[in-house]
Every structure is written in C-alpha cells, then in structure tokens.
Amino acid sequence: MQRITILGATGSIGVSTLDVLARHPDRYSVFALTANSDVDTLAEQCERFRPQVAVVGSADAAQHLQGILRQKGIRTEVEHGKQALCDVAAAPECDAVMAAIVGSAGLMSSLAAARAGKKVMLANKEALVMSGQLFIDAVSASGASLLPIDSEHNAIFQCLPSGYRRSPQQHGVAKILLTASGGPFFNRPADTLDLVTPEEAISHPKWVMGRKISVDSATMMNKGLEVIEAHWLFGVPANQIEVVIHPQSVIHSMVSYVDGSVIAQLGNPDMRVPIAQALAYPERIDSGVEQLDLTKMGDLQFKQPDSIRFPCLQLAYDALNAGGTAPAILNAANEVAVQAFLERKIGFPIIATLIRQVLEQVPATHIIAGIEHLIEQDRIAREATIELISRL
Ligand code: NAD
Ligand code: MG
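Since this is a predicted model, take the numbers as computed values, not measurements. (Residues numbered from 1 in each chain as written. Chains lettered and ligands numbered in written order. Predicted model: local features only at pLDDT ≥ 70, side-chain atom pairs only at ≥ 80, totals over all residues. Heavy atoms only, no water.)

Novice: Just to check I follow, could you spell out the side chain of Thr34 for this structure?
Specialist: Among the secondary structure elements, Thr34 is positioned in strand β2 (residues 28–34). The exposure class assigned to Thr34 is buried, which follows from its relative accessible area of 1%. Here the side chain of Thr34 touches Gly8 through a polar contact of 2.9 Å, landing on its backbone nitrogen. Leave out the neighbours within four places in its chain, and Thr34 touches Ile6, Leu7, Gly8, Ala9, Thr10, Leu42, Val55, Leu85, Val88 and Ile101. (Helix = DSSP H or I, 4+ residues; strand = E, 2+ residues; numbered from the N terminus. Buried < 20%, exposed > 50% of the residue type's maximum accessible area, 1.4 Å probe, protein only. Polar contact = N/O pair within 3.5 Å; in protein donor to acceptor, adjacent residues only side chain to side chain. Contact = heavy atoms within 4.5 Å.)

Novice: Explain the site of ligand 1 here, please?
Specialist: Around ligand 1 sit 21 residues, and of these Thr10, Ser12, Asn36, Glu126 and Gly210 come closest. One of the backbone nitrogen or oxygen atoms of Gly11 is found 3.1 Å away from an oxygen atom of ligand 1. Between ligand 1 and the protein, one listed contact pairs an oxygen atom with a backbone N or O atom of Gly210 at 2.8 Å. Among the secondary structure elements, those contributing two or more residues to the shell around ligand 1 are α1 (12–22) and α6 (125–131). Along the lines of polarity and charge, the residues of the shell around ligand 1 split into 11 nonpolar, 7 polar and 3 charged. Two domains each donate at least three residues to the shell around ligand 1, and these are domain 1 (2–148) and domain 2 (150–307). (Near = heavy atom within 4 Å. Nonpolar A, V, L, I, M, F, W, Y, C, P; charged D, E, K, R; others polar. Domains from an automatic or database assignment.)

Novice: What's the story with the coordination of the magnesium ion (ligand 2) in this structure? I'm lost.
Specialist: Coordination angles at a metal have ideal targets, namely 109.5 degrees for four tetrahedral donors and 90 or 180 degrees for six octahedral donors. Bound to the magnesium ion (ligand 2) are the protein donor atoms Asp150 (OD), Glu152 (OE) and Glu226 (OE), situated 2.1 to 2.2 Å from the metal. The sequence pattern describing where the donors of the magnesium ion (ligand 2) fall on their chain is D-x1-E-x73-E. Exposure class is identical for Asp150 and Glu152. Each is buried. (Donors = N, O, S within 2.8 Å, 3.2 Å for Na, K, Ca; no water.)

Novice: Looking at this structure, how should I read the pattern of salt bridges?
Specialist: Oppositely charged side chains can form a pair if their charged atoms are brought close together. Enumeration according to the criterion identifies 23 salt bridges in this entry. Its salt-bridge partner being Glu226, residue Lys125 comes within 2.9 Å of it at the nearest N-O pair. Pair noted here: Lys125 is in helix α6 and Glu226 is in helix α11 (residues 221–234), with a separation of 101 residues, a long-range link. Take Lys125 and Glu226: they sit in the same class, and that class is buried. (Salt bridge = Lys/Arg side-chain N within 4 Å of Asp/Glu carboxyl O.)

Novice: Could you clarify how one ought to interpret the pairing of strand β11 (residues 262–266) in this entry?
Specialist: Looking down a regular strand, the side chains alternate between one sheet face and the other. Here 5 bridges tie strand β10 (residues 251–257) to β11, and the two strands are oriented antiparallel to one another. Each bridged residue has a counterpart across the sheet, and for Ser256 the counterpart in β11 is Val262. Between β10 and β11, which pair antiparallel one after the other, the connecting turn spans 4 residues, and Gly260 there sits at a positive phi close to 100°. (Pairing = 2+ DSSP bridges.)

Novice: Mind showing me how you'd approach the sheet that holds β2 here?
Specialist: Adjacent strands of a sheet form backbone hydrogen bonds with each other and so pair up, either parallel or antiparallel. With parallel pairing, the 7 strands of this open sheet are ordered in space as β4-β3-β2-β1-β5-β6-β7. Strands with a single pairing partner mark the edges of an open sheet, and in this sheet they are β4 (77–80) and β7 (145–148). Strand-to-strand twist of the sheet, defined as the mean angle between neighbouring strand axes without regard to direction, takes the value 25°. The sheet contact formed by strand β3 (residues 53–56) and β4 spans 4 bridges and is parallel. Its bridge partner lying in β4, Val56 is registered against His80. Each of β1 (2–7), β2, β3, β4 and β5 (96–99) is contacted by helix α4 (residues 82–90), which is oriented at about 155° to β1, the strand it contacts most. (Axes fitted to C-alpha atoms, helices over the stretch in contact; angles between N-to-C directions.)

As structure tokens, then:
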C-alpha cells in the first residue's frame, strides 16, 4: 500500500489524481490532502478519501474546514500554513507526493518532498524552473525519485531508456522534441492579440486546466517553462530541446536518437494518463482514460512555433541560457503579469513585454546561493513587475 500526499488536491491535477487513486483502493491510501482556500471541495474529498491530515492556507479556512468535518464525524486532523504543507510532504507516514500546487507557492513543499527522499510526482513545474540545480541536488542527496507529471515530460520519460541518468550523450539522445498544441490563439492575427480576454485565454482547445497554466499555454510561456523543466529533468542542453507545434495533442513529446530513430508517446489528452504512469511506475494501472483509436485521429500536423507573435518562448530560452537565477526571475515576472492580465489590469501582449523588461532590469546571479537567495530574487522580480504595471 502506497500512502500518498496530494499538494493542491482541489486543483485540476489534484482532482485527476484522486480519480485515479479511487480506481485502486487496494494499492493506494491517502495520507494528506491540501488546498489553499477551497474548503468545500477539500471537505468533500476528506469525506470520500479519509486522509489522516488536511492542510489549508489560513487559520480561518482551517476553522471552517474543522467545523464541517466535525459535523460529519470525520476525524481528519486539520493544519494550516506553509510549514504544514512542508510537513505533510516530508512526513514519515507518506511514501509518495503529488506536487500539484500552482506556481512558486509550491516551491517549498515540493522541495521538502525531494529533500525527504519521497517519490516525488512533479506537476508543479514552476518549482523546478525556479530552483533548477538546487532541486536536482536535493533529489540526488536524499535518494528521492522524481517522476514528471507534465504530459510532455512524462512522455519523454517514457521514451528514454530505463535507467536514464540525466546524461543524453551516454544514451545516444540527439534531441528532445517537445510538442505544443499552440494554444487557443495559434491562428489568431497578431494585431488582434491585444483584444484577447481572460475568458478566451483560459479556454484551451485540448486540455482542461487551472487558470494560470491556461494563460501560460496561450502566451506559450507554458512551453518556455517546459523547456527549462526538460533541461533540469533530463540534463539536456537548451540547444538540444526543440519545440514542435502539434495542434492535435496526440503525440505528447518525442526523443530523437543519434541513429535517426525518433520515439514518441501517444495517448488521448487526459492528465490521468501521466498521473497513473507515475503512480504505478514501473508497473501499469488503469487510468480511466479511453484507449486511443488511431483510425479516429485524422491527420497529425507539425509546425514551427511563431516567435514573433509568441515571444515568451524565446524569453524562456534566453533565461535558461543566462542560467543561475534568471529562470526564477522570468517565472516571478510571469506569475505577476498573468495575475494582472486575469484581473484585466493589462492586455495580453503586455505579459511578454513585462517579462522582457524585468529580465533586463533585475540582475540575475550566475549561482543560486541557497533557497533564501532564490526567494529574495523572486521577491525582487515580483516587486519590479508590480512597479512596471503601476506605471502603465
Ligand atoms: P489549479 O489552479 O487547478 O490548482 C492549483 C492547486 O494549488 C489548488 O488545489 C489550490 O488550492 C492550490 N494552491 C493555489 N495557491 C496556493 C497557495 N498559495 N498555497 C497553497 N496551495 C495553493 O492548477 P492545476 O492546473 O492543477 O496546476 C497545478 C500545477 O500542475 C501547475 O504547476 C501546473 O503548471 C501543473 N500542470 C498542470 C496541468 C493540467 O492539466 N492542469 C498539466 C501539466 C502541469
Ligand atoms: Mg505540459
């Protein structure tokens, strides 16, 4: 029996994870569930999955949850705050952690799971983008296993030989081909992008996801973050990671080898596939997702990304090449800019403009001295972005 903590249980990935767990009660039990403020959903999840611990963001939310659980006679212990997130990620009663909090808010708890040597199923790509080498070092120091949940990285993981150790040359890997759907605006003329509304940006053609990652997909910053994520997960340099637009989202990514072979992973676009793969690895379990019917797929298309209309992808490559704290600065500026766009304070194309300005303005350091240093750089970049928005 594997005992699971889900960080961000009420989100899109969290709910999909619980859906897979519910199909296999003989294999998995839930140790802890966490949410920021969606107490009602978390209470329902506690009723169904009976975790030992539930964690919420604030004392008020904790009191509210406690009240509901007491009324229903559910004995889940309720905690709140950032330290409690790290505690349930590192607890000895937990074997595996689904890290599915969105954004930098998930950094410390994802890292806590890595430091505690857990099986870390990483959806929270921003944590790895921010901390890079620090995260990878924590994984190797503790002997944790790191399993990617992001569909592209999970696909790449499946296309690499078992026992692959972050060394492309040793395994004859020539390139990683990261597929991208292109997002909802792939065919939209450049001069209409400033009219894009948050509603349009979050309605993704192929995937149903949280709001932040949906906007990232629309700007293609999601693919940029994924390039950085792939670099850290698989030890592949930026110039060997290529983005290919594949609007059908059937091929989830590919690995190209020096002998000319290209290995791809295919499946219906449903996050329960990578979630089930990571949960059961190296075994396979039913994910609840329909088998792919190749005859119903129609044509598969592949195109080059458009870096003029979607400058965020190049900004991410630039930050990766600059190294050190540059990806953390990029991530912080993006989080603030996306939030401002969702609150209708800035137009869609301004997201990229702000990120570029912040990267130019906030000096990155070559080495990440430690987690405090990283948090400080994140704070400085956020303040710089807020300041730029206030001057618009
Ligand atoms: P979501 O917005 O649906 O859910 C986010 C979860 O994080 C919620 O449970 C929320 O309560 C929690 N949370 C938010 N802010 C928090 C805070 N300050 N403190 C504590 N908890 C907080 O997001 P999602 O779409 O499930 O994405 C989660 C992560 O997975 C992101 O990093 C995203 O990039 C990644 N991811 C998602 C998908 C997808 O299909 N949704 C695919 C690949 C990767
Ligand atoms: Mg992805």
